[in-house]
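What follows is each chain in one-letter form.
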Amino acid sequence: MYHVTPMLPFPVVIQPGESPVKQVVFAASKAILAGVLRAGDPFPSVREMSEALKLHPNTVQKVVAELARDGFIVVRPGVGTVVTAGPRAPDPDRLRVLDDSVEQLVVEARRLGLGREELVSAVDASWVAVFGDARRTGTHDADLRVPRPSRRSGR
Amino acid sequence: MSWWSQVRHVFTRDLRRTWMALGIYALMLCVAVARAVEWPPMMRDATVAVGVLVVLCAAIVVAVAVLADHPMRADAFWAIQPLHASAVATSKLVYVLLLLLLCGLAMLVTLSSWNLQPLDLGRANIGVFPVFALLLLGVAMVAAVCMDVTRVGVVVVAAIGIAFLIDMRLRESTAGTYWALALLLLLGSTVLFVQRYRDRRSSRMARGIVLGTGMVAMVFPVFAARIGPGDANDGSVPRHTLDEVALSLPVMAMPTCENGRLIVPLGVVAPLGWRIGLMKPSLDVTLDDGATVSLSAPGWMQLAGSQGPMLPTVRDRANVKVIGGDGDHSAQQIQIAFVVPAADSARTCGRIARLAMRLWVTTTTGTEVLRVPLQGQARAVAPGFRARVTAATLDDATVAITARVSMLSNEFAGQRHDLAALDFALLNHERGEMVRLSSPRSDAESSVSELPGLRHMASTLDLEPYISRMARLSGLQSWRDSAVLIVTLPVERGRGWRQVEAVVSR
Amino acid sequence: MTDIAIDAVSYRYRRNAEALHDVSFGAPSGAILGLLGSNGAGKTTLLQCCAGLRAPDSGRVRIGGADSGSRALIVSGVIGYVAEGVRLPAERTLGQLERWLAPLHRRWDTYLATSLRERFGLDASCRLATLSRGEYMKASLLCALAAQPRVLLMDEPFTGIDALSKDEILRAMVASAAANGTTVMIASHDIAEIESALSHTAILTAGRLRVAGALEQLRERYRRVTMVGDEDVLAAFAREQAWLEIERAGRIVSIVADGERTPFDHGMLHRRFDGADSITVEDLSLRDLFASVVRSARTAPSRAEAA
C-alpha cells in the first residue's frame, strides 16, 4: 500500500522564524475568507495537518483552537472538523493582537514620509487584492462569501 | 520477550548467520575423527595437523560470534534493542556450548573406537570438556575486550603459541590434574564474560582483568590431564609389592678379589614376569678385626632381557610352559663387581667376616593389554589400545612381525606410558611356548592430538624375537597358525632401598 | 507519562575535559525537543546518558519517573534510539532484519515498517552489506520508528539523507507524536528544517546548557531589536537592555534581547528611547537564536548563562 503525503486544501508555506501558529492561522483564514474553502467543506484533521506541514501536533492544536475560537471552523467529535460560514463579531482581543503590527506599520509609514490617508488607501488596496472587491468597511456578517477574484463564474 | 526467549532468539540468529562456518568446523571434526580412528586407512598418513586446525576453527567461530554483538563497542546494535545484556551474553555461551557438544560428539565416536568402557567413556569426555571449554571461553573473553578481528586474532595466536611452547616443555614430565583450578577458572571466566555485557564501561582495569583471565584460560588446558583409559588392572594380575622381590647373598665361602675388584654374587627371586631394576649398589664389608670398609660398584644393571627368563605373565599361566624359570617365580643370579681401592686391597681381601649390601630396587610388572592373531589384517581393540598385524613372517630362519599399534596417551599408576614401553611376545597355545619380541628403535612413535585434550600415539613397529631365544625354538612355521601376538604394558609397582646381609663362613 | 527529566548530569571522558557539566532540563510528555549544539558540544553524550547507554558521572535522567540507567528503559521497550554510528547486525537483507526485530518489540507495527520502507525508497530484499551511508541510516531509522517506542531519541538522524527522505522522516516523526504521543528528543544540525516540528529546544555549548524551554516561550523571550539613532541613544540602549548578543555598525545597533531579564515591548521601547530614529522588534528563527547563543558563549561565557 503506497503512502500518500496529504496535501492540504489551502496553500501554506511555513517560514522559519515567525510563529508557525500565526502563519498557519493566517493562511487558513485567508483561504476561508477568499473562498478557497467554503462553508461545509471538511477541514484537515490535526494529524493530517501535522504530517503535511511537519508541525508538532500541539502546534496544530493551537491553530485549530484559534480558528475555532474565531469562528472559521468547528470541531465536531466523531464527525470531524468542518469549515463554517465565517468569523463571528469581532471581539476586542483580536484587535489588540494586531496592535503590534499596526503600530509597526504606522511608524514605518511615518518614517518613510507617508501621510495618514496614503496609508489608509494602501491598506485598502491590499485588502482588495487579497479578498476581492468587498465593501470598504468589511462586513462582519455571516454571509461574507466573497467571490473568488478569478475568471470563473461565481457560484 | 521473556529472558529465555531472548537467548533463543539471538542464538538462532547466530546459527542462521554462521551455518557455513559451523559446517566447516563440523567437517574438520569429521576429518579429525577419521584420522584418530585410522579409517579410512589413508587418513593416517596425512601430515596436516588437524587438531590445531580444529581448535583454530572453533576459536575463529567464537570470536566472530562475540564480535558480532560486542559487549563494549559503542556502535553495538544489540545495546539499543530491548534485549537483556545477560541474555545476549548467555546466548554466546550457548553457542560456545554447541561447539563443545559437537566436539564431544566427535570425541565420543573417536573414543569408542578404542573400546573404552562406558564409564571410562564418560570420564574421558568429562576430562575434555573443561579443557576445550576453557580454551573457547578464553577466546570469547579476548574477543569481548578487543574491538576488532585482527586484534583478537593476534592475541589468540600468541596464546596458542605460548600454550604450544609450554606443552613441548611439559612432554617430558608428568602432567597433573588441576580440576579445582580448572573449574574455578571456568566459573570465573563465565562470570567475567557475562559481566562485560552488563557493565559496558571500559575501564582499563576491567579490560586488563578480562584480557588476562582470557589468556590464562586459553593457556591453562595445556596443564590439564591427559585422558586415557582407567587402570587396566582387572584383578587377574596379582597385586605384588616390592617386598615380593627376594634378594639373597648366597655367599658361603670367602669372596675373591681379582684385579682390584670384589665380585659378589647376588640372588634375585621375583614373581614371574616382573622386571627388576637394581641401582646404586653399595657394599659395607666388616673385617674380622671389626673394621668396616665401604665399597661401591659402577653402573646400573637391569636384569630383564640380558639374562634370565623374565617373561610377561599370561592368563592361563598354569597351562603354559614358560621358557626358563619354574612355577610362579623366576630366580636369577647375578654378579656385581665392587671396586676395591689399591690401598685397601691387601687389608680387605681374604679377611672379610661379614657383608652388607644396599641396593635401590625398582619393580615393573606387565599387564596384558591385547592379543592379536597373526593371520591377515587381524585387529584387536582393548580399552585405550589398538593393534593390527600388518605382516607376519615365520620360518626357520626369520621371525618378523609388523604391527600397527596405537594407544591413548595415559597415566597408569602415576606414570606416563608410551609405545616404547610396550612389551610384545608370541604365544603358541598348542605348544605352550612363549617367546619375547623386541622392536628396533628406528621407528619412532608419533604422538598426535587430533581433538582438544585427546592425545594418542600411533606407530608401526617391526618386531623380532630376542636372538638368544632362537636357539630354543623349533618348528617355527607351525607357529603361524596357532600363535598370537601379546601386547603387554609394564607398570611400575614399587621402588625402594633394600638391604641384604650375609656372614662369611671360613 | 513519558516526560524526560535530565537532572544535573555530568560526564567526563577519560582524561579529557568534561563532556557534560551539570546539565538539567526537561521535556513534557509528547514534546519534540531539538537538542542543538556545535560539534563536540556534548549532544551525543547526553543522548547516550538519556538512553542509558552511558552512565553519567553524576546526576541522572528520568523518563516517566523511571531512571533510565543501565539500559533499563531500552530493555523495557520505552526508549528507541537512533544514531549515526550504530552498526546494523549482519543479516543478509532488510526484510530479514525486520522479521528478526518484530518479536522483540511489543508494539512493532509491520504495516508501518513496510510503509516507511517504501517511503524511504528501500526494498525488503536490500542487502544490508551493500547499502550506502544514507540508506543505512534510513534502515536504522525505519527499525526504530516501526518499533513505536514511547520515547524516541535521535542523534543526527539526517546525516547523509537526501531531502525527500528527510521530509519523510520528519513526517513520520510528527505522525508518531500525533498518533501515539511519542516524546522525541532529536539532535540535529539541520535547525531550519526541523524548527517547525519542534515544540521544545535545548541548546548546549561546550557541555553546558545555555538555553532550554518551549519554543513558543523562547520566541517571546528572545527577540532581535534593531535601533537606528545617535551615539548617546545607542549607548543608553546597549547599557540598559539585557542582551544575548550585540552588534554595532555606524548608527545601527542590533541586539538579541532577553525579554525575561529586562522586559521589552515596542511601545515601551519607543517611549524610553524616543530619540532613536527607528526601533524594530523582530522574531528570531531558531537557527538565529542558536547562532547567537553559540557566539555569545564563545566570547563571553558568563554572560551567556541561562537565567
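Residues numbered from 1 in each chain as written. Chains lettered and ligands numbered in written order. Predicted model: local features only at pLDDT ≥ 70, side-chain atom pairs only at ≥ 80, totals over all residues.

Caption draft 1: How the structure looks around the overall build of chain C. If you tally the helices and strands in chain C, you get 11 helices and 14 strands. Burial status across chain C gives 48% buried among its 307 residues. Within chain C, contacts between residues separated by at least 24 positions form 68% of all contacts whose residues are at least 6 apart in sequence. (Helix = DSSP H or I, 4+ residues; strand = E, 2+ residues; numbered from the N terminus. Buried ≥ 20, exposed ≤ 12 C-beta atoms within 10 Å, placed from the backbone. Contact = placed C-beta atoms within 7 Å.)

Caption draft 2: Summary view of the overall build of chain A. Scanning chain A from terminus to terminus reveals 5 helices and 3 strands. When the helices and strands of chain A are listed from N to C terminus, the series reads α-β-α-α-β-β-α-α. For chain A, the residues scored as buried account for 19% of the 155 residues in total. In chain A, of all internal contacts separated by at least 6 residues, the share reaching a separation of at least 24 is 56%.

Caption draft 3: Structural detail: the sheet that holds strand S6 (residues 79–83) of chain C. All names here are of chain C. What the 6 strands build is an open sheet, ordered S6-S7-S8-S3-S9-S10; its pairing is mixed. With one partner strand each, in any of the chains shown, S6 and strand S10 (208–214) form the two edges of the open sheet. The average undirected angle you get between the axes of adjacent strands in this sheet is 10°. Two strands pair when backbone bridges link them, and strand S3 (residues 32–37) and strand S9 (residues 200–205) are joined in this way by 5 bridges, in the parallel orientation. By the bridge assignment, Gly-34 is partnered in S9 with Thr-201. Contacting S6 and strand S7 (151–155), helix H5 (residues 133–146) runs over the sheet at an angle of about 175° to S6. (Pairing = 2+ DSSP bridges. Axes fitted to C-alpha atoms, helices over the stretch in contact; angles between N-to-C directions.)

Caption draft 4: Representation of the packing of helix H4 (residues 110–119) of chain C against H5(C) within the structure. Residue and element names in this part refer to chain C. Their axes nearest at 9 Å, the elements H4 and H5 cross at an angle of 155°. Between H4 and H5, the interaxial angle falls into the category roughly antiparallel. For the pair H4 and H5, the sense of crossing is right-handed. Residues Leu-112, Ala-113, Leu-116 and Arg-117 of H4 form the contact with H5, whose own contacting residues are Leu-142, Leu-145 and Ala-146. (Parallel < 35°, antiparallel > 145°, perpendicular 65-115°, else oblique. Left-handed = near helix turned anticlockwise from the far one by under 90°.)

Caption draft 5: Just the interface of chain B and chain C, in detail. Contacts between the two partners involve 15 residues from chain B, matched on the other side by 17 residues from chain C. A total of 3 residues in the side of chain B that touches chain C trace back to one element, the largest contributor, which is helix H1 (residues 3–17) of chain B. Taken together, the residues that form the side of chain B that touches chain C break down as 9 nonpolar, 3 polar and 3 charged. (Nonpolar A, V, L, I, M, F, W, Y, C, P; charged D, E, K, R; others polar.)

Caption draft 6: Summary view of the pairing of strand S4 (residues 275–287) of chain B. Residues and elements named next belong to chain B. One ladder, built from 11 bridges, connects S4 with strand S8 (residues 352–373); its direction is antiparallel. Bridge pairing in S8 places Ile-276 opposite Thr-363. Counting the residues that bridge the hairpin from S4 to strand S5 (residues 292–296) gives 4 residues, and of these Gly-290 lies at a positive phi of roughly 95°.

Caption draft 7: Spatial organisation of the nonpolar core. All names here are of chain B. One finds Val-62, Leu-136, Val-139, Ala-140 and Leu-485 to be the most contacted residues of the largest nonpolar core, which totals 218 residues. With 14 residues, helix H5 (residues 118–145) is the single largest residue contributor to this core. Residues contacting Val-139, with those up to four places away along its chain left out, are Ala-59, Val-62, Ala-63, Val-156 and Met-218. Membership of the second largest hydrophobic core comes to 19 residues, among which are Ala-270, Val-285, Ala-297 and Met-357. (Core = buried A, V, L, I, M, F, W, Y, C linked by C-beta atoms within 7 Å.)

Caption draft 8: Region of the structure containing the packing of helix H2 (residues 46–53) of chain A against helix H6 (residues 163–180) of chain C. At a minimum axis separation of 8 Å, H2(A) and H6(C) run at an interaxial angle of 160°. Our classification of the angle between H2(A) and H6(C) gives roughly antiparallel. Along this stretch, H2(A) crosses H6(C), giving a crossing that reads as right-handed. Counted together, A:Val46, A:Arg47, A:Ser50 and A:Glu51 of H2(A) and C:Arg171, C:Val174, C:Ala175, C:Ala178 and C:Ala179 of H6(C) form the full contact between these two elements. When the residues that make up the contact of H2(A) with H6(C) are grouped by side-chain class, the tally is 5 nonpolar, 1 polar and 3 charged.

Caption draft 9: Summary view of the interface of chain A and chain C. Facing 25 residues of chain A, the contacting portion of chain C comprises 27 residues. Among the secondary structure elements, those contributing two or more residues to the side of chain A that touches chain C are H2, helix H3 (57–69) and helix H4 (92–112) of chain A. Broken down by element, the residue count for the side of chain A that touches chain C peaks at 5 residues, all from H2(A). Grouping the amino acids of the side of chain A that touches chain C by side-chain chemistry returns 9 nonpolar, 9 polar and 7 charged.

Caption draft 10: Quick peek at the sheet that holds strand S2 (residues 18–27) of chain C. Residues and elements named next belong to chain C. Spatial ordering of the open sheet is given by S2-S1-S4-S5, a layout of 4 strands whose pairing is antiparallel. The open sheet has two free edges, formed respectively by S2 and strand S5 (66–67), since each of these has just one partner strand. Examined bridge by bridge, strand S1 (residues 4–12) and S2 share 6 bridges and lie antiparallel to one another. By the bridge assignment for S2, Tyr-11 is matched with Leu-20. Helix-sheet contacts for helix H1 (residues 43–51) involve S1, S2 and strand S4 (58–63), and the interaxial angle to S1 is about 120°.

Caption draft 11: The arrangement of unusual backbone geometry in detail. Residues and elements named next belong to chain C. Residues other than glycine seldom take positive phi values, yet Ser-70 does so here, at roughly 50°. For Gln-148, which is not glycine, the phi torsion reads 50° and is therefore positive. With 20 C-beta atoms packed within 10 Å, Gln-148 lands in the buried category.

Caption draft 12: Here's a closer look at helix H8 (residues 204–219) of chain B. The end-to-end C-alpha distance of H8(B), which contains 16 residues, comes to 22 Å, matching closely the 22 Å that a straight helix rising 1.5 Å per residue would cover. B:Val210, B:Thr213, B:Gly214, B:Met215, B:Ala217, B:Met218 and B:Val219 are the residues of H8(B) that are buried. (Expected span 1.5 Å × (residues − 1).)

Caption draft 13: Spatial organisation of helix H2 (residues 19–37) of chain B. Residues and elements named next belong to chain B. Here H2 is 19 residues long and its end C-alpha atoms lie 27 Å apart, about the 27 Å a rise of 1.5 Å per residue gives. Listing the buried residues of H2 in full gives Leu-22, Tyr-25, Met-28, Leu-29, Ala-32, Val-33, Arg-35 and Ala-36. All buried residues of H2 lie within an arc of 165° about the axis, which places them on one face of the element. Counted as exposed and oriented over 90 degrees from the buried face of H2: Trp-19, Met-20, Gly-23 and Leu-27. Remark: Glu-38 follows H2 within two positions and exhibits a positive phi of approximately 55°. (Arc of directions from axis to C-beta.)

Caption draft 14: Seen up close, the environment of C:Gly80. Residue and element names in this part refer to chain C. Within the secondary structure layout, Gly-80 lies in strand S6. Judged by the 28 C-beta atoms lying within 10 Å of it, Gly-80 falls in the buried class. Measuring from C-alpha to C-alpha, the distance between Gly-80 and Arg-150 comes to 7.6 Å, with 70 residues separating the pair along the chain. For Gly-80, the contacting residues outside a window of four places in its chain are Ala-144, Ala-147, Pro-149 and Leu-152.

Caption draft 15: Structural context of the confidence of the model for chain A. Residue and element names in this part refer to chain A. On average, residues of chain A score 75 in pLDDT, and 72% of them are at 70 or above. For chain A, per-element mean pLDDT is lowest for H4, which scores 75, and highest for H3, which scores 89. Low pLDDT (under 50) marks residues 136–155, which in the prediction has 22 contacts with non-local residues, meaning those over four places away or in another chain. (pLDDT = per-residue confidence, 0-100.)

Caption draft 16: Focus on the pairing of strand S12 (residues 243–249) of chain C. Residues and elements named next belong to chain C. The pairing of S12 with strand S13 (residues 252–258) spans 6 bridges and is antiparallel. Bridge pairing in S13 places Trp-243 opposite Ala-257. Hairpin connection from S12 to S13: 2 residues lie between these consecutive antiparallel strands, with Gly-250 at a positive phi of about 60°.

Caption draft 17: Inspection of the confidence of the model for chain C at higher detail. Residues and elements named next belong to chain C. Averaged over chain C, the pLDDT score is 86; the fraction of residues at 70 or greater is 97%. Predicted confidence is poor over residues 303–307, with pLDDT under 50, and the contacts of this stretch with residues over four places away or in other chains come to 12 contacts. Across the whole predicted complex the pTM is 0.75, and at the interface the ipTM reaches 0.86.

Caption draft 18: A look at the environment of B:Val64. The topology assignment puts B:Val64 in helix H3 (residues 50–68). In sequence terms B:Val64 and B:Ala356 are 292 residues apart; their C-alpha atoms lie 71 Å from each other.

Caption draft 19: Highlighting the environment of B:Trp497. Residues and elements named next belong to chain B. Among the structural elements, Trp-497 can be located in strand S18 (residues 483–503). Trp-497 gets classed as exposed once you count the C-beta atoms within 10 Å, which come to 11. Apart from the residues lying within four places of it in its own chain, the contact partners of Trp-497 are Arg-358 and Trp-360.

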